Amino acid sequence: MKLEGMHHITMITGDASRNVAFYAGVLGLRMLKQTVNFDAPEAYHLYFGDERGSPGSILTWFEFAGTQRGRAGAGMIHTIQLGVAAEAALDFWAERLAANGYERRRQQRTLSFADYDGLRLELVVADDGNPPLRAVHPEVPAEHAIVGVEGARAYSGRGTEADRELLTETLGFTELAGGEYRVDGRERHFHWGYDRTTEVGVQGAGSVHHIAWHTRDEDHRRWRQRVANAGMHVTPVIDRDYFLAVYFRQPQGILFELSTTSPGFAIDEAPEHLGEQLRLPRQHEHLRPQLERTLTPLRNPRAGAVGA
Ligand code: ZN
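Residues numbered from 1 in each chain as written. Predicted model: local features only at pLDDT ≥ 70, side-chain atom pairs only at ≥ 80, totals over all residues. Heavy atoms only, no water.

1. Re the environment of G264
For G264, the position within the fold is in the loop between β16 (255-263) and α5 (288-294). Judged by its relative accessible area of 14%, G264 falls in the buried class. Counting along the chain gives 212 residues from G264 to R52, while the straight-line C-alpha distance between them is 8.8 Å. (Helix = DSSP H or I, 4+ residues; strand = E, 2+ residues; numbered from the N terminus. Buried < 20%, exposed > 50% of the residue type's maximum accessible area, 1.4 Å probe, protein only.)

So, in structure tokens, the structure goes:
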């Protein structure tokens, strides 16, 4: 039984309109779903990724409108690494980010920048085996498009011994040198690394809420049991409409989720119209009239016209 790499990473934003403008507009990801937070239905939950919403490409945000900026500290993810196919793509993105008013720092194989909330992102050349997971955007040539999420880095306040056993023995990550890890599935892998800090973080806009690892559907319950057997306090299996999930806080304090492949984002709208209309979890459908008044109206750039 192997984890299939990363499923999705979820952040907090203070501004849903800017979230769509940056990730679907500037970065050219596909906006896959407009829905609300299961546990706080007054807040948007927006999903972005490749054309099909493939696990490994998915970034999601809870919007808490106007919330203050957070700051990554010990026990929090501080940087997300997005893949591109080749170094030439870094030049394309350096120019595109500058044209949109974003500061960026180019190094040989990486381009570092922050989004409008201060979330740190890094474009990295992803030439070590992950199949490309691209979205189509009229201003982004396919050879320069983002090809999936390659890795994430977190701050460790307690040293990496705190969760080495969980990562390697229980979850099957491979430990590389210096607090670096890699998780290899049958098709995709993901890089996971730590940097030390003594800073205490603040959850807020631009901070990472959790990371979900991808399990095959048939293995999900066994993964839950395995994590429980390792002494983690793991939730029951929760139906998140687009996948099943369990959650636990790992020893560094980072919230981990384990998510299934199925049923995916085409369960409640046609694959060619993903993310164009507000979709509500069944138990919150009765709130629709109220939510349509209170949520900021969003326009998916894929939709033909406003309200389409
Ligand atoms: Zn999640």
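2. Points about empty space enclosed by the protein
Inspection of the entire model under this criterion finds 1 cavity of 30 Å³ or more. Of the voids in this model, the largest cavity is the one considered here, and its volume is about 60 Å³. L29, S57, L133, I146 and G148 are, among the 13 residues lining the largest cavity, the residues nearest its centre. Class assignment for the residues of the lining of the largest cavity results in 8 nonpolar, 3 polar and 2 charged. (1 Å grid on protein atoms, 1.4 Å probe; cavity = no way out; pocket = protein on both sides within 12 Å on 5 of 7 lines; lining within 4 Å. Points joined across faces, edges and corners; volume = space filled by probe spheres on them. Nonpolar A, V, L, I, M, F, W, Y, C, P; charged D, E, K, R; others polar.)

3. Overview of the side chain of N37
By secondary structure assignment, the location of N37 is in strand β2 (residues 30-37). A distance of 2.9 Å separates a polar atom in the side chain of N37 from the backbone nitrogen of D39. Discounting residues that sit within four places of it in the chain, N37 has contacts with A43, Y44, H45, F62, F64 and H284. (Polar contact = N/O pair within 3.5 Å; in protein donor to acceptor, adjacent residues only side chain to side chain. Contact = heavy atoms within 4.5 Å.)

4. Structural notes on the coordination of the zinc ion
Coordination sphere of the zinc ion, protein contribution only: H8 (NE2), H210 (NE2) and E257 (OE), at 2.0 Å. Ordering the donors of the zinc ion by residue number gives the pattern H-x201-H-x46-E. Placement of H8 in strand β1 (residues 6-13) and of H210 in strand β13 (residues 208-215) is noted, with a sequence separation of 202 residues between them. The exposure class assigned to H8 is buried, which follows from its relative accessible area of 2%. Residue H210 is classed as buried on the basis of its relative accessible area, which comes to 4%. (Donors = N, O, S within 2.8 Å, 3.2 Å for Na, K, Ca; no water.)

5. Structural notes on the packing of aromatic side chains
Within the structure shown, the criterion is met by 21 aromatic pairs. For the ring pair F22 and F113, a centre distance of 6.4 Å and an interplane angle of 55° mean the geometry is tilted. You can see F22 sitting in helix α1 (residues 16-26) and its partner F113 sitting in strand β7 (residues 110-114), a full 91 residues away along the chain. In this structure, F22 and F113 share a single accessibility class: buried. With centroids separated by 5.6 Å and ring planes inclined at 85°, the aromatic side chains of W192 and W213 adopt a geometry described as edge-to-face. Placement of the pair is W192 in strand β12 (residues 189-196) and W213 in strand β13, with a sequence separation of 21 residues. Residue classification places W213 among the buried residues on the basis of a relative accessible area of 0%. Among the aromatic residues, those joined into a cluster by ring pairs are F173, Y181, F190, W192, Y194, W213, F248 and F256. Over the face of the ring belonging to F38 we find R240, whose NZ or CZ atom lies 4.9 Å from the ring centre. (Phe/Tyr/Trp six-rings, centres within 6.5 Å; stacked < 30°, edge-to-face > 60°. Lys NZ or Arg CZ within 6 Å of the ring centre and 35° of its normal.)

All quantities given are derived from atomic positions and should not be read as evidence of function.
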